[in-house]
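Secondary and tertiary structure notes
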Amino acid sequence: MEDEVIKKFLYVNRKAPYGTIYALESLEVVLIGAAFDQDVSLAFIDDGVYQLKKDQKTSVDSGIGMKDFSKTYLALGDYDVNKIYVDKASLDERGLTADDLMELVYEDEDDDYKEKSSISIVNQDELALLMEQQDVVLSF
Amino acid sequence: MKFGILVNEGPYQHQASDSAYQFTKAALEKGHEIFRVFFYHDGVYNASRLLVPPQDDRHIANRWSALSKEYKLDLVVCIAAAQRRGMLDENEAKRQGKDAHNIAEGFHISGLGQLIEAGIQSERLVVFGD
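The structure contained in this document is the topic of the report that follows.

So, about the overall build of chain A. Helix and strand counts for chain A come out as four helices and seven strands. The globule rule puts the C-alpha radius of gyration for 140 residues at 14 Å, and the 15 Å found for chain A is close to it. Projected onto the principal axes, the alpha-carbon positions of chain A cover approximately 45 × 30 × 30 Å. Out of the 140 residues in chain A, the part that is buried amounts to 45%. In chain A, 77% of the contacts between residues at least 6 apart in sequence involve partners at least 24 apart. Put simply, chain A shows about 7500 Å² of open surface, and 48% of that area lies on carbon and sulfur atoms. Charge-centre separation for chain A: the mean point of 14 positive side chains lies 5 Å from the mean point of 31 negative side chains.

Okay, here's the thing in structure tokens:
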């Protein structure tokens, strides 16, 4: 846009998707932020890993009556948001594996235009390094 | 140093908005620049001009308004977060057909792009939240 500065933005998602509004409103920031052409990464830690759980059913029809925004994560690749880091320890603690998560992919326009996974499962040392490399860390 | 401030929690319920205020005030008094204060999540309630706290307690919205006046501080309330929580300025109230508006002096409503811009333009973006 009008800014030529490119900074490294990391969004840290630590909360379950529906108990509070943090997850939904964090995702809204990510989507708006995508228009600014910054270097964006997302980390999912603690209960935040549930945000990426597949087969979420929360709509009015299901009886819960909350907007199911989980499908929006699937669109992140189209917004060039394709660096998604999930904390392995948080998955383990909750009895989850990578197979329980939605398949978030992006088209690799810099290489062979193939569809690739956006998700990396990382340990806590890797997460610490990731955070250290950032200019802006937004924690929700 | 040039700071951006993000306030993610509501007034009185949570310390975040008090800490954000104290930090912002101290930074300004030391001669630092505050690029913008952005209110998000329940933080948007800090901008309500209808707060009526007990007289022997701090008035959180008025306190921000006064600081804004003194230092020409840019206080921005996220429009998406504000609308779903019933926080409207005069223009939005008119546009949405509502009979009241409740944004305190010195605050204004704008989009999330203002938060991203604060992240880009500030040397440090300080987040106050849970």
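Attention shifts here to helix α5 (residues 113-121) of chain B. Of all nine residues in α5 of chain B, seven are buried; the element is thus mostly enclosed. Among all positions of α5 of chain B, only Gly113, Leu115, Ile116, Glu117, Ala118, Gly119 and Ile120 of chain B are buried. Those residues of α5 of chain B hidden inside the fold are in contact with β1 (8-13), α1 (22-33) and β7 (136-139) of chain A together with β1 (2-7), β2 (33-39) and β5 (124-128) of chain B.

Of all hydrophobic cores here, the largest spans 73 residues; its most connected members are Tyr11, Leu52 and Tyr73 of chain A together with Trp64 of chain B. Element by element, the count of residues in this core is highest for α1 of chain A, at six residues. With sequence-adjacent residues up to four places away left out, Leu52 of chain A is seen in contact with Phe44, Tyr73, Ile84, Val86, Asp100, Leu101, Met102, Leu104 and Ile119 of chain A. Formed by eight residues, the second largest nonpolar core is a distinct cluster that contains Val12, Ala43, Tyr85 and Val122 of chain A.

With 24 residues of chain A at the contact, the number on the chain B side is 21 residues. Between chain A and chain B lies a buried interface of about 1800 Å² when both sides are counted; carbon and sulfur atoms form 60% of it. For the chain A face of the interface with chain B, the top three residues by lost area are Tyr22, Glu25 and Phe36 of chain A, together amounting to 26%. The interface formed by chain A and chain B contains three salt bridges. Linking Glu25 of chain A and Arg84 of chain B is a salt bridge whose minimum nitrogen-to-oxygen distance equals 2.6 Å.

Tallying each qualifying case throughout the model produces 10 aromatic pairs over all chains. An angle of 90° between the planes, with centres 5.3 Å apart, marks the rings of Phe39 of chain B and Trp64 of chain B as edge-to-face. Of this pair, Phe39 of chain B sits in strand β2 while Trp64 of chain B sits in helix α2 (residues 60-71), and the two are 25 residues apart along the sequence. Above the face of the Tyr22 of chain A ring, Lys15 of chain A is positioned so that its terminal group lies 4.3 Å from the ring centre. In this arrangement the basic side chain of Arg63 of chain B is found over the ring face of Tyr21 of chain B, its NZ or CZ atom lying 4.1 Å from the centre.

Across all of its chains, the model carries 20 salt bridges over all chains by this definition. For Lys116 of chain A, the salt bridge identified is with Asp112 of chain A, shortest N-O distance 3.4 Å. The network of salt bridges with shared partners includes Glu25 and Glu28 of chain A together with Asp42, Arg84 and Arg85 of chain B.

Moving on, we get to the sheet that holds β5 of chain B. Pairing between the strands of a sheet comes from backbone hydrogen bonds, and it takes one of two forms, parallel or antiparallel. Residue and element names in this part refer to chain B. Pairing is parallel across the open sheet formed by five strands, whose spatial order is β4-β3-β2-β1-β5. Strand pairing shows two members of the sheet lacking a second neighbour, β4 (107-110) and β5, which therefore form its edges. Averaged over all pairs of adjacent strands, the angle between their axes in this sheet comes to 25°, without regard to strand direction. Relative to β4, strand β3 (residues 75-78) runs parallel, the two being bridged by four bridges. The residue of β4 that forms the bridge with Val77 is Ile109. Contacts from helix α1 (residues 16-29) reach β1, β2 and β5, with the element oriented near 165° to β1.

Here we take up the packing of α1 of chain B against α2 of chain B. Residues and elements named next belong to chain B. Relative to each other, α1 and α2 sit at 20°, their axes nearing to 11 Å. With respect to α2, the element α1 is oriented roughly parallel. Of the two elements, α1 crosses α2, and the hand of that crossing is left-handed. Between α1 and α2, the contacting residues are Ser17, Asp18, Ala20, Tyr21, Gln22, Thr24, Lys25, Leu28 and Glu29 on the first element and Ile60, Arg63, Trp64, Leu67 and Tyr71 on the second.

Conventions we followed
- Residues numbered from 1 in each chain as written.
- Chains lettered and ligands numbered in written order.
- Predicted model: local features only at pLDDT ≥ 70, side-chain atom pairs only at ≥ 80, totals over all residues.
- Heavy atoms only, no water.
- Helix = DSSP H or I, 4+ residues; strand = E, 2+ residues; numbered from the N terminus.
- Rg over C-alpha atoms; globule rule 2.2 N^0.38 Å.
- Buried < 20%, exposed > 50% of the residue type's maximum accessible area, 1.4 Å probe, protein only.
- Contact = heavy atoms within 4.5 Å.
- Areas by Shrake-Rupley, 256 points an atom, 1.4 Å probe, with all protein chains shown as cover.
- Lys, Arg positive; Asp, Glu negative; His and termini not counted.
- Charge placed at Lys NZ, Arg CZ, Asp CG, Glu CD.
- Core = buried A, V, L, I, M, F, W, Y, C linked by side-chain atoms within 4.5 Å.
- Buried area = accessible area lost by both parts, 1.4 Å probe.
- Salt bridge = Lys/Arg side-chain N within 4 Å of Asp/Glu carboxyl O.
- Phe/Tyr/Trp six-rings, centres within 6.5 Å; stacked < 30°, edge-to-face > 60°.
- Lys NZ or Arg CZ within 6 Å of the ring centre and 35° of its normal.
- Pairing = 2+ DSSP bridges.
- Axes fitted to C-alpha atoms, helices over the stretch in contact; angles between N-to-C directions.
- Parallel < 35°, antiparallel > 145°, perpendicular 65-115°, else oblique.
- Left-handed = near helix turned anticlockwise from the far one by under 90°.

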